[in-house]
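Structural overview
Chain residues, written in single-letter form:
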Amino acid sequence: MNLAVDPLISASAGLLVGLILVGAASHKWTSKYEFRSVLSAYRVLPESSLDVASVIVPATESLIFGLLLWPTTRVFGAMAAVALFTLYSAAIGLNISRGRSEIDCGCSWAGHGQSLSAWLIARNGVLIALATVAAFASSDRALGVLDVVVVLAAAACGLLFYHAADRLIANGAKLRTLRSAT
Amino acid sequence: MNELLIVAVGLLWVLVLVLAALLFALARQVGVLYERVAPAGALAMNQHLVVGDDAPVVQADRLRGEPLVIGGASSAGRSTLLFFLSPTCPVCETLLPALKSIASREGSWCDLVFASDGGGHEPFVADHRLEAYSYVVSQELGVLYGVSKLPYAALVDEVGKIAGFGLVSSREHIESLFEAKERGVESIQAYLSIRNAETAVAGATGSES
């Protein structure tokens, strides 16, 4: 059985996952202090390791982005991305089961105070699926100019959908608080 | 035929990208709307203070200058806005510009007092240019005003009574304390329950007619 997918597919999936990660990382770099308090609210790491962790997490995300960009290293990047998203989902799931779903998820650009919900785990599931696609070996068809255009367009489109979905998840939480308040 | 396909796929991509951008913009705007329609107010959570009661009178040490008496009727007929903060609280920092602008706008009738405890205040005051404001360091003040979470604010009116208090995390929350004083409503919770009762009455009469 040949599991190789067309390089167009894996390149698009890889670029999209990479862009999402590098976006998340840049956000964490620029507001390091806030990210530290978000990490602390998750209560999954000892307080003493938070300073280191708040640097390691965005550094790992940036590194995975770099790995995903090149066809030769894409497989490793994609596997690392799967592991990272699984970890995030586990941390979110753990806090939901602890009943601490009101903490800031720290996972979106939709502003502060997006609380945890099962939607975030579903969203991470989609990201894991995308990263898995990127991890498949691609057949050795050479990519032409048109392929590159399609890869860029597909990644840009996927990024917009990702942020739209992110907004909708955040809006859903806002709407729920609005309904319960009035 | 091949050329037609390339053009058609290219055109489709352009359309899909435009649609995706529109979807994103719509989702953003819906979020902004939800935020705007939500009533914002300081969450009053306290076992010590009751709106309308006399505010605890505390003599607190000022970071610079002589001690300041907080609470009690003001001879000058001025109200006091107490803002409880800590140099290590990032949300408190984000509120400082809003507080400064409120202090200058409401300066004719209201004094702004920053209150904190613990240490590390001098660099904080210098960093954020709070030298011009009263900055008191007193543990007693926080205990008597029942401060459990930061940033916290309490408004003491000109006769020394509590006009409003609560957990404040945005400019709207701070301004809700002034609004509460003007309207004579205790807290956002009280306002919401009054409004709920009104809507229930309106709904009942609406279904009858």
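From a predicted model like this one, the values you see are computed outputs, not experimental measurements.

Details of the sheet that holds strand β7 (residues 162-167) of chain B
All names here are of chain B. Across the sheet, seven strands lie side by side as β2-β1-β5-β4-β3-β6-β7; this open sheet has mixed pairing. Since the sheet does not close on itself, it has two edges, and those belong to β2 (68-70) and β7, each with one partner. Neighbour-to-neighbour, the strand axes of the sheet open up by a mean angle of 30°, direction not taken into account. Where strand β1 (residues 58-62) and strand β5 (residues 134-137) come together, two bridges link them in antiparallel fashion. Within the sheet, the bridge partner assigned to Arg 62 lies in β5 and is Val 136.

A look at empty space enclosed by the protein
Residues and elements named next belong to chain B. With the rule as written, the count across this model stands at one cavity of 30 Å³ or more. Its volume calculated, the largest cavity comes out at about 40 Å³. Lining the largest cavity, in full, are Leu 81, Ile 102, Ala 103, Glu 106, Cys 110, Asp 111, Leu 112 and Phe 178. Of all elements in the fold, only α2 (90-105) and β4 (110-116) reach the threshold of two or more residues within the lining of the largest cavity. With three residues, the top contributor of residues to the lining of the largest cavity is β4. Class assignment for the residues of the lining of the largest cavity results in six nonpolar, no polar and two charged.

So, how was this worked out
All residue numbers here refer to positions counted from 1 along the written sequence of the relevant chain. Lettering for chains starts from A, numbering for ligands starts from 1, and both go in the order in which the items are written. For this predicted model, a pLDDT threshold of at least 70 governs which residues receive local features, and a threshold of 80 or more governs which side-chain atom pairs are given and counted, while totals over whole chains, interfaces and linings are taken from all residues. Excluding hydrogens and water, the side-chain values take into account all heavy atoms of the structure. When DSSP finds two or more bridges between a pair of strands, those strands are recorded as paired. Put simply, DSSP marks the helices as runs of H or I at least four residues long and the strands as runs of E at least two long, and each gets a number from the N terminus on. Only C-alpha atoms enter the line fits that serve as axes; for helices the fit covers just the stretch in contact. Angles between N-to-C directions range over 0 to 180 degrees. A cavity here means a set of points on a 1 Å grid, drawn over the protein atoms and nothing else, where a 1.4 Å probe fits but cannot get out; a pocket is an open set with protein on both sides within 12 Å along at least five of seven lines, and a residue lines either one if it has an atom within 4 Å of a point. Grid points are joined across faces, edges and corners, and a volume is the space filled by probe spheres set on the points. Residues are grouped as follows: Ala, Val, Leu, Ile, Met, Phe, Trp, Tyr, Cys and Pro are nonpolar; Asp, Glu, Lys and Arg are charged; all remaining types, including Gly, are polar.

By themselves, these observations are geometric and do not establish any function.
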